[in-house]
Amino acid sequence: GALEAPCLHFAVRIERVDHEPAVRIVVIPLRDRAFHELLLGDYNREQRGLAIRKMYPVVAPWVMENPIFMHLVAQNDEQVQTAIDQCAATGYEALILSFGSYLDMEDSSSENLKKWKDFADYAHQKGVKIGCYSLFSSRSISPDDDVIDPKTGKPNTHALFLKAPCFGSRWGLWYRDNIKRFFSATGFDIWENDGPYPGDVCASTTHPGHKGLGDSQWKQLEIQKELYHWLNERGIYINSPDWYFLDGTNKIAMGYKESNFKLPRATQKILNRQNIFDATWEKTPSMGWGFVPLTEYGGGGPESVIEPLHEHIKDYEQLMMQYYGAGIQACYRGPRLYDTEDTRNMVVKVISWYKKYREILNSDIIHLRRADGRDWDGILHVNPFLQEKGLLMLYNPTDKKIMRTIKVPLYYTGLKDLAEIREKEGAFKRIKLNRDYSIDLTFTINPESYTWFVIAG
């Protein structure tokens, strides 16, 4: 009865009344907002996931951008220039200075901004985009700027990640403005944002970005969303920690446990394929990133990393093929992409293969068998609108050569009667579809290896 006009959609915000046990319920009419509704017609997991994966490119088309990037760990200018040169030499399209590098976005001095503008100009001359990582949460700024616990009146005791600044604090607003200043001054193309994470509340009544506890969560989220909108409007690619796709984010974490990357390489390969399988039910391949520790990440020793790259070239190649074969960009985190001519040739070969089949590899995934380390596993890309209607990736994690016959579902390729299929770059063979739009495929894979098939009409 309090609304001025009939309103179909509204939001409800519950605010605590200061020094009282009561709460205030605020009804917010949303008559000027846009809404998207997706009607799901089946309980089948694959069909429901396909519907969601078809929706996001329509309402947030930027999620389909999927540049090939390296995650550089650099401690000096020479390493940055070398990485840019290696990206250009191998076909990589972007470079992100990773966490642990010496770039400091919070240094707003003219000298710092000019140095990174010069690097951006150099990368652009080479046809390479450049970006950087910035940490917001999981650290303390000062008692005046951190989130305040409403129970104790002290900072850092209740934040989701134990320590966190408030985005509505003076420092938080400065941080937002400084991010904009950095990108405006340097011409950088990509921002990887670690935090802030939704959920933190702040009881401060002196922060300029919010009034008190009641509006702190909402106001912090609004500040973050405005920053993402600003970046997206300027064509700056955003890797963010959470599901902010409708606010301008291009990519989020695919989903993984960081401690897994200190396990042996053979184990990582299986776990990575499990992560790919699990993450692509409701995300397109371009919406998530994976991880490959070229150098040590969180411990693990020599058996967990790829460096020296030429000594582990087989593992390096398969990790690349697993991710690019799923259409997923991984953070290849280290100081370089190759160390010898053989390694460079391998990287060029994989990137060239990915670019050749890029459209189908970035298309929807049909889930065939989840990796378990005991038998074959695989996924199938499908797209009825391409010349390649499907691309099948198959893996053998065992230490023995295997031959299997499996049923491959081709319903979502759009093929009805006949399919043409070839293994790798071999000759096409024509196969008649079964009545359920599947084919029976027999294949052989060497120990601890993989193969792939192209399917056409």
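Our structure's up above, just so we're on the same page.
Before going into details, it helps to say that this report is about the structure given with it. (Residues numbered from 1 in each chain as written. Predicted model: local features only at pLDDT ≥ 70, side-chain atom pairs only at ≥ 80, totals over all residues. Heavy atoms only, no water.)

The next subject is the sheet that holds strand E8 (residues 252-253). Backbone-to-backbone hydrogen bonds pair the strands of a sheet. The strands run either parallel or antiparallel. Strand order across the open sheet formed by eight strands is E7-E6-E5-E4-E3-E10-E9-E8, with parallel pairing between neighbours. Strand pairing shows two members of the sheet lacking a second neighbour, strand E7 (237-239) and E8, which therefore form its edges. Relative to E7, strand E6 (residues 190-194) runs parallel, the two being bridged by three bridges. Counted as the bridge partner of Glu192 is Asn239 from E7. Where helix H2 (residues 77-90) meets the sheet, its contacts fall on strand E3 (69-72), strand E4 (94-97) and strand E5 (129-135), and the angle it forms with E4 comes to roughly 155°. Each of strand E9 (288-293) and strand E10 (329-334) touches helix H7 (residues 313-324); the most contacted strand, E10, lies at about 150° to it. (Pairing = 2+ DSSP bridges. Helix = DSSP H or I, 4+ residues; strand = E, 2+ residues; numbered from the N terminus. Contact = heavy atoms within 4.5 Å. Axes fitted to C-alpha atoms, helices over the stretch in contact; angles between N-to-C directions.)

The next thing to look at is the environment of Pro308. Topologically, Pro308 is positioned in the loop between E9 and H7. Relative accessible area serves as the criterion here: at 30%, Pro308 is assigned to the partly exposed category. Sequence-wise, Pro308 and Thr340 are 32 residues apart; in three dimensions their C-alpha atoms are separated by 9.8 Å. (Buried < 20%, exposed > 50% of the residue type's maximum accessible area, 1.4 Å probe, protein only.)

We now examine the side chain of His210. Residue position: His210 is located in the loop between E6 and helix H5 (213-233). Note on His210: relative accessible area 5%, which makes it buried. Reaching out from His210, the side chain makes a polar contact with the backbone oxygen of Gly212 at a distance of 2.9 Å. Beyond its immediate sequence surroundings of up to four residues, His210 is in contact with Cys166, Gly168, Cys202, Ser204, Asp215, Ser216 and Lys219. (Polar contact = N/O pair within 3.5 Å; in protein donor to acceptor, adjacent residues only side chain to side chain.)

From the geometry alone we can't say anything about function, so treat these as descriptive.
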